[in-house]
Amino acid sequence: MIQEKLIVKEDGVIITLERNETIVKVHKYGATVISWKHKGRELLYVSPLAKLDGTKAIRGGIPIVFPRFGPSDLFPNQQHGFARNSRWDFSHDKDVATFTLSWEEAQFKPSGNLSLKVSIGDKGELELCLRPEFAGSEGVQYHMLLHTYFKVDLAKTHIKGLDRANYGEKQEQYEKHPPTLQVLSQISGLDRMYFDVDNPINLKDGQMEMRLESREACDVVVWNPGKEMTDVPASDVNSFVCIEHGLVSKLQTNSHALRVTYTPMI
Ligand code: TA6
């Protein structure tokens, strides 16, 4: 039987959302989704070395990139902006949890707020809507992205739906290449941006399958470090792939919503 109502529990910094056979946990630090379990199976990767105490962006789950993607002169000590390093406010109604982050002009101009709405669909879908609002329209320039870490067996992972998009590699400053026309399966060490993707993506690893869709065309970054990091042990490097929907290939000058749905097919 379909349970219409979303059950929401708040326990300190962790918000738990539950509907039918799906449980989602969001950390108020960064409004980072840190777990999405469907039918008992965890679908997101969080590093065992991740800091959950607010001293560093959480390594795993769904960190939010805003208002700049990558390194930037505006935030010299904060690659990917300040959203993932800030504590967000939280509220909810009967079917959606809303996380909000406000900032002042001294931090980033113009002042405004960023909201992340999180809900769970009938089939266990994780539904996310990220939307900035600015105090004025003058000087608005931003990127935003959901830096999602999917838990996979990388050696068996195939990603379909990116084969017809132009792409660029980070090591070539994202210089544009024509579409590969191929399913993506060599992912270890990849750091690639696909531009203007407007169709669903299918992610499969032999044990699980999922569809990733965004309401409007957007950029999609695919990343795996290919080697251990200070907060990713060597044993985990092949346990995740980041597939990141966002508006990052150029600075946005109007307020947009980034609406993304991940549908588990297990
Ligand atoms: O989105 C891909 C990327 O920008 C990579 O270039 C890599 O640096 C990754 O994000 C992780 O960045 P972080 O700041 O979380 O270490």
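Our structure is the block above this text.
Residues numbered from 1 in each chain as written. Predicted model: local features only at pLDDT ≥ 70, side-chain atom pairs only at ≥ 80, totals over all residues. Heavy atoms only, no water.

K.L.:
Would you explain the site of the ligand in this entry?
P.N.:
Taken together, the residues surrounding the ligand are Arg-59, Phe-69, Gln-79, His-80, Arg-84, His-147, Lys-170, Asp-191, Val-221, Trp-223 and Glu-244. For the ligand, an oxygen atom lies 2.9 Å from a polar atom in the side chain of Gln-79. Glu-244 has a polar side-chain atom sitting 2.6 Å from an oxygen atom of the ligand. When isolated, the ligand has an accessible area of 390 Å², and the protein chains bury 88% of it. The cavity where the ligand resides is the largest pocket. Classifying every residue of the shell around the ligand by side-chain character gives three nonpolar, three polar and five charged. (Near = heavy atom within 4 Å. Polar contact = N/O pair within 3.5 Å; in protein donor to acceptor, adjacent residues only side chain to side chain. Areas by Shrake-Rupley, 256 points an atom, 1.4 Å probe, with all protein chains shown as cover. 1 Å grid on protein atoms, 1.4 Å probe; cavity = no way out; pocket = protein on both sides within 12 Å on 5 of 7 lines; lining within 4 Å. Sits in = over half its atoms within 2 Å of the grid points. Nonpolar A, V, L, I, M, F, W, Y, C, P; charged D, E, K, R; others polar.)

K.L.:
Would you explain unusual backbone geometry in this entry?
P.N.:
A negative phi angle is the norm for most residues apart from glycine, just as the trans form is the norm for most peptide bonds. Cis geometry marks the peptide bond from Phe-66 to Pro-67, where omega comes out at -5°. Considering the arrangement of structural elements, one finds Pro-67 in the loop between strand E6 (64–65) and strand E7 (89–92). The peptide bond linking Lys-109 to Pro-110 adopts the cis configuration, its omega dihedral lying at -15°. With respect to the helices and strands, the residue Pro-110 is situated in the loop between strand E8 (97–103) and strand E9 (112–120). One non-glycine residue, Lys-39, lies in positive phi territory at about 50°. Relative to the helices and strands, Lys-39 is located in the loop between strand E4 (32–38) and strand E5 (41–42). Judged by relative accessible area, Lys-39 falls into the partly exposed class, the value being 47%. In the Ramachandran plot, Tyr-174 falls in the positive-phi region, its phi being about 60° despite a non-glycine side chain. Tyr-174 gets classed as partly exposed once you look at its relative accessible area, which sits at 22%. (Helix = DSSP H or I, 4+ residues; strand = E, 2+ residues; numbered from the N terminus. Buried < 20%, exposed > 50% of the residue type's maximum accessible area, 1.4 Å probe, protein only.)

K.L.:
Looking at this structure, how should I read the sheet that holds E5?
P.N.:
To summarise the sheet geometry, strands pair through backbone hydrogen bonds and adopt either a parallel or an antiparallel arrangement. Strand order in the open sheet formed by five strands is E1-E2-E3-E4-E5, and the pairing between neighbours is antiparallel. Looking along the sheet, the strands with just one partner apiece sit at the ends: strand E1 (7–11) and E5. With two bridges connecting them, E4 and E5 associate as antiparallel partners. Bridge pairing in E5 links Lys-37 to Glu-42. (Pairing = 2+ DSSP bridges.)

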